[in-house]
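Coordinates in review
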Amino acid sequence: MPYSLTIKPPERTTKTTVWEGEGSDPTISHAPQRRFSISTPGELKTTRPGSSILVRAASLSDEQELPKLGVSSPSFSSSRVERLVRERQLRRSGSCYAAGDEVGKLSDASSLGHGGLGNLNEKGQHRAAQRLLVVANRLPVSAIREGDSWDLRLSPGGLVSALLGVKQNFETRWIGWAGINVPDEKGRISLTEALALKGCVPVFLDDDTVDQYYNGYCNNVLWPLFHYIGLPQEDRLAATRSMDSQFNAYNHANQLFAQVVFSQYQEGDVVWCHDYHLMCLPEFLKEMDCHMKVGWFLHTPFPSSEIYRTLPLRSELLKAVLTADLIGFHTYDYARHFVSACTRILGLEGTPDGVEDHGKLTRVAAFPIGIDPERFIQALETDQVKFHIKELQRFFAGRKVMLGVDRLDMIKGIPQKLLAFEMFLEKHPEWREKVLLVQIAVPTRTDVPEYQRLTSQVHEIVGRINGRFGSVTFVPIHHLDRSLAFHELCALYASTDVALVTSLRDGMNLVSYEYVACQNSKKNQGVLVLSEFAGAAQSLGAGAILVNPWNIREMYGAIEGALTMPENERNERQRHNFTHVTTHTAQAWADTFVSELNDTIVEAELRTLRIPPHLPLETAVGRFRASKNRLLILGFNATITTQMEDPRRRGPDQITEMSLQLHPAMRDSLAILCADPNTILVILSGSERTILDEAFGKYNMWLAAENGMFLRHTHGEWMTTMPEHLNMDWVESVQLVFDYFCERTPRSYVETRETSLVWNYKYADTEFGRVQARNMLQHLWTGPISNAAVDVVQGGKSVEVRPVGVSKGAAIDRIIAEIIRSKNMDLHIDYVMCIGHFLSKDEDVYTYFDPEVPFERDHPTTHPTTNGKLEKGPLDRRLAAKSCDRILAKSNKMGVVRTKTTALVSLECNGSYIESNSFKDRKHNDGETMELDSGTVMNISGDTYFSCAVGRKRSAARYSLGSTEEVVEFFQALANTY
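Just so it is clear, the structure is predicted and the values come from calculations on it, not from any experiment.

Next up on the list: the sheet that holds strand β26 (residues 719-720). Strand-to-strand pairing in sheets goes through backbone hydrogen bonds, with the strands running parallel or antiparallel. Here we have 8 strands laid out as an open sheet, ordered β26-β25-β24-β23-β22-β31-β39-β40, and mixed in their pairing. Edge positions in the sheet fall to β26 and β40 (959-961), since each of these pairs with one other strand and no more. Relative to strand β39 (residues 945-950), strand β31 (residues 831-836) is paired through 5 bridges, and the arrangement is parallel. Each residue of the ladder has a partner; that of G836, found in β39, is A949. Sheet contacts for helix α26 (residues 689-696): β23 (679-684), β24 (702-705) and β25 (710-713); angle to β24, the most-contacted strand, approximately 155 degrees.

Next up, the structure:
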């Protein structure tokens, strides 16, 4: 199983708290419950009857709906972890997949492209193997041209050996560059045909693209940065032009990969993209088909956000990767760094499951890679390897042997390893001529000056040590600047006593795995000395001696400890490591990742059911044109304000952004709509009165400030809609707490309103702001508001304290009453549009008008029923309106006739009840229809009511719009109807 991120969310308490972006607990919150809640990824609950108007209202509780998601009901009905554990057990028991199949060599057409024969479901029935498109920079074979034919040879590397095992359970097809430029069409056709026999599909790149994409941006920019080496200087890019041209080539190469992938893609395929070479590929694939299953896995470290943020075009790469459905890393640290980078640079929300962007979740998890241990274990039984082992044992007789196998690379720590060995020989002369180091340094990038200097440095250190501590018949270091054949390497692994892996930074380093796999047959087993900066340290740390390769003295001590370690301790450490290597294999790694990817798609489809569909513009405009009296309710901030650059991308001007400005393109549209006497426009905002006066004072409309607690027509004076006896005694103590945290959180600020207080940390460091917010909430709950009747509303980057029951939905009752009374209209309101970017606490304004939302009841009390009798039970927050709806809906099939009501209801002894608001008190007997003096009512149906969330993917609204720009376009379309 992968190691999931464990970013701890803020703890919930019994205090009334609404978390932005989440559904609230109906037992503690006064806000309406969401119509859709998913208790587990496999169970969709809805309190709303199925509707043809909203696709997301479709119920999936019936088994006949399950095949639509491509899952069976037993697994679908359980949680995500339960499903994955169950599938893991099926794989291990062999009832789902064939077990024990050997990973064959690349010898026939099925070696890469076809699934195993044991692909059975839990009932033992054969099922079609899922197609897996593995996309990497290089194919698993290298192509060598021989006239008109091609010689295909298996490529070396941990990625190739790991992914070869995927074929057991999937129909696998490889897509990548063949490592050679083929300019002629005839050669491309012949190479494509030759690779097709091996289950591979080539991507053809010309020399210039390879030079700038691969040698340039990948190896000169991304690879050093991801290994904490830093960005190159301009002189290092002279051979590959500028960094901008390299990035353009990088983008172009990723587009070429995307075109080839799309040409091979069939519906239902899983596309698995690998490594930093293809960070833009998920975005290009999703643009071609948004339903494509795409996973991306990084085989190198991912640096901390402080290192990554130095990269130009950092945001573009992060956003491209985040379009994937599942993102995998070798270790939890790398996954944590990635989530931190998305949080700090893009300003997105980090969750225990990954990264969330306005409701769209990209899963991020750790999947430690492995090897195929059976390949090494079986190789030790061959005569060829046994012969080499005997030869090495004879040559090394009487001496302890240490082994290092590395690429001659700056991140491998070879000089540090040699210096530690030199110190050991200096401190322990008794070990001279009794211990030797065999260092295999495979040359790489020999044409790069830095690597040439590294080679010279290593040779110089080796020569110095051999000169100081060697003799005519003995040298302490055997250094080889070449690679070894597989059987030679296995023999060397099995013949040595200590393995030194001293990487300065490494994604995983599978040399340590290979060494452990080859040591188990020995009586006196070897010791692994492993750098704590290698990804393998998190997997093999139990049995290895972990070292800091930058600390030469510590490494010298580890060498001493490894050489003098007792046999029983050696064997116990080897047992721990061997158990891990043989259980966490390459096959298990691939199976787990693809299994998680498939399950992530199921969860994404369930989440999609809760995403409001895009507002049908033509329908909404057409209903507007056909209506007689319209009510338009608009939010302000992030709805019709001027859009600003995201604060995490360029370091914004905080003063400019804090000044809310009406979008310039909205002015003409608002003027036209406000001039229509049959169109009522209401700005419903949490902002203060002065801000709304400044923005809308010249228009003919209604302004509702501070979540509807203050109301005025632009031609009149402000009046209050606050309930009577509203207790505000808590304000002073909460203000002191907010001021305290504001002083200690740079760039945070406090908004002091008449009915609420808001502490905003939008411009502060995201992670520090969250920590401060958690501390603030704990202090508030145990102190100033412990006994106060308040709601604590946490937004994306804010904490608001307001009186209980204060919300836009709670105030809309009184607002609409005053508006309709003042208008004294003779016709029904037959069109309602409510658009805003509201906190979840305030989204009850959407459900207030919705004629299809079921009646919500949560406050137990004694209340009058429609037959005039008293009844004990929960009281509907909108009792009068809903009671009227029940009576009138039976005789009105075309729509719901809704009369005006108030939210505050108190019971009297004689069975009648009083409606109270700040305008005046009115009394009527039970059973009477409550009408305004003019007899006006609202007549709306599902076809004439539109609620729309702006920039939010999870909402109680019926529809959604992506941004302010889309709101502007919609209102321009409404204005054009005149």
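Here the focus is the packing of aromatic side chains. Scanning the entire structure with this criterion turns up 36 aromatic pairs. Plain terms: the ring middles of F302 and F329 are 6.1 Å apart, the flat faces sit at 75 degrees to each other, and that makes the pair edge-to-face. Here F302 is found in the loop between β11 (293-297) and α9 (305-308), whereas its partner F329 is found in strand β12 (residues 326-329), with 27 residues between them in sequence. Residue classification places F302 among the buried positions, given a relative accessible area of 0%. A ring pair is formed by F367 and F593, whose centres lie 5.1 Å apart and whose planes are at 70 degrees; its orientation type is edge-to-face. Of the two residues, F367 is situated in the loop between β15 (360-366) and α12 (373-379) and F593 in helix α21 (residues 586-609); the sequence distance between them amounts to 226 residues.

Per-residue confidence for the protein averages 77 on the pLDDT scale, and 74% of its residues sit at or above 70. Between residues 1-77, whose pLDDT stays under 50, and residues either more than four places distant or in other chains, the model counts 203 contacts. Across residues 646-651 the pLDDT falls below 50, and counting only partners more than four positions away or on other chains, this stretch makes 22 contacts in the model.

Should their charged atoms come close, side chains of opposite charge can pair. Evaluation of the coordinates by the stated rule reveals 32 salt bridges. In this structure, the salt-bridge partner of D842 is R802, at a minimum N-O distance of 2.8 Å. With D842 in the loop between β31 and α30 (844-849) and R802 in strand β30 (residues 798-803), this pair connects stretches of sequence that are 40 residues apart. Residue D842 is classed as buried on the basis of its relative accessible area, which comes to 1%. In this structure R802 comes out as buried when scored by relative accessible area, which is 1%. Each of E751, R753, E800, R802, K808 and D842 takes part in a single network of salt bridges with overlapping partners.

So, about α26. Regarding α26, the residues found buried are L692, A695 and F696. End-on, the buried residues of α26 take up no more than an arc of 75 degrees, which puts them together on one face. Residues of α26 that are exposed and angled more than 90 degrees away from the buried face: T690 and E694.

Turning next to the packing of helix α14 (residues 414-427) against helix α15 (residues 449-469). Helix-helix packing is characterised by the crossing angle of the two axes and by the distance between the axes. Direction vectors running N to C along α14 and α15 enclose 10 degrees, while the axes themselves pass 10 Å from each other. Judged on the interaxial angle alone, α15 and α14 are roughly parallel. Judged by the sense of rotation from one axis to the other, the crossing of α14 with α15 is left-handed. From α14, I414, P415, L418, L419, E422, L425 and E426 reach across to α15, where they touch L454, Q457, V458, I461, V462, R464, I465, R468 and F469. Residues belonging to the contact of α14 with α15 are distributed by class as follows: 11 nonpolar, 1 polar and 4 charged.

The subject of this paragraph is the packing of helix α22 (residues 617-626) against helix α32 (residues 964-976). Relative to each other, α22 and α32 sit at 35 degrees, their axes nearing to 10 Å. Handedness of the α22/α32 crossing: right-handed. Of the residues in α32, those touching α22 at L617, A620, V621 and F624 are F970, A973 and L974. Looking at the contact of α22 with α32 residue by residue, the class counts come to 7 nonpolar, no polar and no charged.

Moving on, we come to the state of the cysteines. Overall, the coordinates contain 0 disulfides when judged by the stated rule. Sulfur of C948: no disulfide; nearest cysteine sulfur belongs to C834 and is 9.4 Å away. Taking the relative accessible area as the measure of exposure, C948 reaches 0% and is therefore buried.

Now for the sheet that holds strand β18 (residues 477-480). In space, the 6 strands of this open sheet follow the order β18-β17-β16-β19-β20-β21, with parallel pairing throughout. At either end of the open sheet lies a strand with only one pairing partner, and these are β18 and β21 (545-547). When the angles between neighbouring strand axes are averaged without regard to direction, this sheet yields 20 degrees. Note that strand β20 (residues 527-531) and β21 share 3 bridges and pair parallel. What sits directly across from V529, in β21, is I545. Against the sheet, α14 contacts β16 (400-407), β17 (435-442), β18 and β19 (498-501), and its axis sits at roughly 170 degrees relative to β17. Against the sheet, helix α16 (residues 486-495) touches β16 and β17, its axis set at about 140 degrees to β16.

Among the 5 residues in strand β22 (residues 630-634), 5 count as buried, and that is most of the element. Bridging between β22 and β23 involves 5 bridges; their strand directions are parallel. In the sheet register, I633 faces β23, and the bridge partner there is V682. Pairing of β22 with β31, which is carried by 5 bridges, proceeds in the parallel orientation. If you follow L632 over to β31, its bridge partner there is M833.

Further remarks concern the pairing of β19. Burial along β19 is two-sided: the residues V498 and L500 and A499 and V501 are all buried. Relative to β19, β16 is paired through 2 bridges, and the arrangement is parallel. Paired with M402 across the strands is V498, a residue of β19. Traced from β19 through helix α17 (residues 511-519) to β20, the parallel crossover comes out right-handed.

Position of L617 relative to the elements: it lies in helix α22. Looking at L617, the relative accessible area reads 35%, which means it is partly exposed. Separated by 353 residues in the primary sequence, L617 and F970 place their C-alpha atoms 6.8 Å from one another. Ignoring anything within four residues of it in the chain, the contact list for L617 reads L961 and F970.

Along the polypeptide, D406 turns up in strand β16. For D406, a relative accessible area of 5% translates into the label buried. Among the polar contacts made by the side chain of D406, one reaches the side chain of Q439 at a distance of 3.0 Å. In this view, D406 contacts K412, I414, K417, Q439, I440, A441 and V442; residues no more than four positions away in its chain are not counted.

What counts and how
- Residues numbered from 1 in each chain as written.
- Predicted model: local features only at pLDDT ≥ 70, side-chain atom pairs only at ≥ 80, totals over all residues.
- Heavy atoms only, no water.
- Pairing = 2+ DSSP bridges.
- Helix = DSSP H or I, 4+ residues; strand = E, 2+ residues; numbered from the N terminus.
- Contact = heavy atoms within 4.5 Å.
- Axes fitted to C-alpha atoms, helices over the stretch in contact; angles between N-to-C directions.
- Phe/Tyr/Trp six-rings, centres within 6.5 Å; stacked < 30°, edge-to-face > 60°.
- Buried < 20%, exposed > 50% of the residue type's maximum accessible area, 1.4 Å probe, protein only.
- pLDDT = per-residue confidence, 0-100.
- Salt bridge = Lys/Arg side-chain N within 4 Å of Asp/Glu carboxyl O.
- Arc of directions from axis to C-beta.
- Parallel < 35°, antiparallel > 145°, perpendicular 65-115°, else oblique.
- Left-handed = near helix turned anticlockwise from the far one by under 90°.
- Nonpolar A, V, L, I, M, F, W, Y, C, P; charged D, E, K, R; others polar.
- Disulfide = S-S within 2.5 Å.
- Right-handed = clockwise from strand over helix to strand, strands pointing away.
- Polar contact = N/O pair within 3.5 Å; in protein donor to acceptor, adjacent residues only side chain to side chain.

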